[in-house]
Amino acid sequence: MRRLSHLFSVAAAVAAVALVGAVCVGLWGTIGASQISGAGWAAMILGVVATLAVGIGLMALVFISSRRGYDELDRRSR
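Residues numbered from 1 in each chain as written. Predicted model: local features only at pLDDT ≥ 70, side-chain atom pairs only at ≥ 80, totals over all residues. Heavy atoms only, no water.

## Some words on the overall build of the protein
On a plain count of helices and strands, the protein comes out with two helices and zero strands. Whereas a compact globule of 78 residues would reach a radius of gyration of roughly 12 Å, the protein reaches 22 Å, over 25% beyond that. Oriented by its inertia axes, the alpha-carbon framework of the protein measures out at about 65 × 45 × 15 Å. Taken across its 78 residues, the protein has 1% of its residues classed as buried. On the protein, roughly 7400 Å² of surface is accessible, and the fraction owed to carbon and sulfur atoms is 71%. (Helix = DSSP H or I, 4+ residues; strand = E, 2+ residues; numbered from the N terminus. Rg over C-alpha atoms; globule rule 2.2 N^0.38 Å. Buried < 20%, exposed > 50% of the residue type's maximum accessible area, 1.4 Å probe, protein only. Areas by Shrake-Rupley, 256 points an atom, 1.4 Å probe, with all protein chains shown as cover.)

## Focus on helix 1 (residues 2-31)
Spacing of three or four residues puts side chains on the same side of an α-helix, whose turn is 3.6 residues. Helix length check: helix 1, at 30 residues, gives a terminal C-alpha distance of 44 Å against a target of 44 Å (1.5 Å per residue), a fit within 8%. The element helix 1 is largely exposed, with a buried count of zero among its 30 residues. With its phi angle positive at about 80 degrees, Gly32 sits one or two positions after the end of helix 1. (Expected span 1.5 Å × (residues − 1).)

## As for the side chain of Ser65
Mapped onto the elements, Ser65 comes out in helix 2 (residues 38-68). With sequence-adjacent residues up to four places away left out, Ser65 is seen in contact with Tyr70 and Asp71. (Contact = heavy atoms within 4.5 Å.)

## Some words on helix 2
A rise of 1.5 Å per residue sets the reference length of helix 2, with its 31 residues, at 45 Å; its end C-alpha atoms lie 44 Å apart and thus fit the reference within 8%. A positive phi of about 85 degrees marks Gly69, the residue just after helix 2.

Structure follows, in C-alpha cells:
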C-alpha cells in the first residue's frame with residue numbers, strides 16, 4: 001500500500017510538471033517578440049541578486065545554527 005501511494009505521488013508530480021510546461025510553451029508563443037528596456041534588465045538583475053542573497057543568507061543561518069547546536073533538544077530540561 002505504501003509503495004502504491006509513493007508511485008501515485010510521483011505520477012502526480014510528473015503530471016503537474018508536464019502541465020505547467022505545456023502551459024508555459026503555449027503562453028510563450030502568444031507573447032511574440034518583445035523588448036526589455038534598460039530599467040527592466042536592471043530590475044531583473046536586482047531581483048536575482050536579492051533572491052540569491054536571501055537564499056544564501058538563510059542557508060548560512062541554518063548551517064551556523066546546526067554547527068553551534070541550536071537545533072538540538074535541551075536535555076537539561078527533562
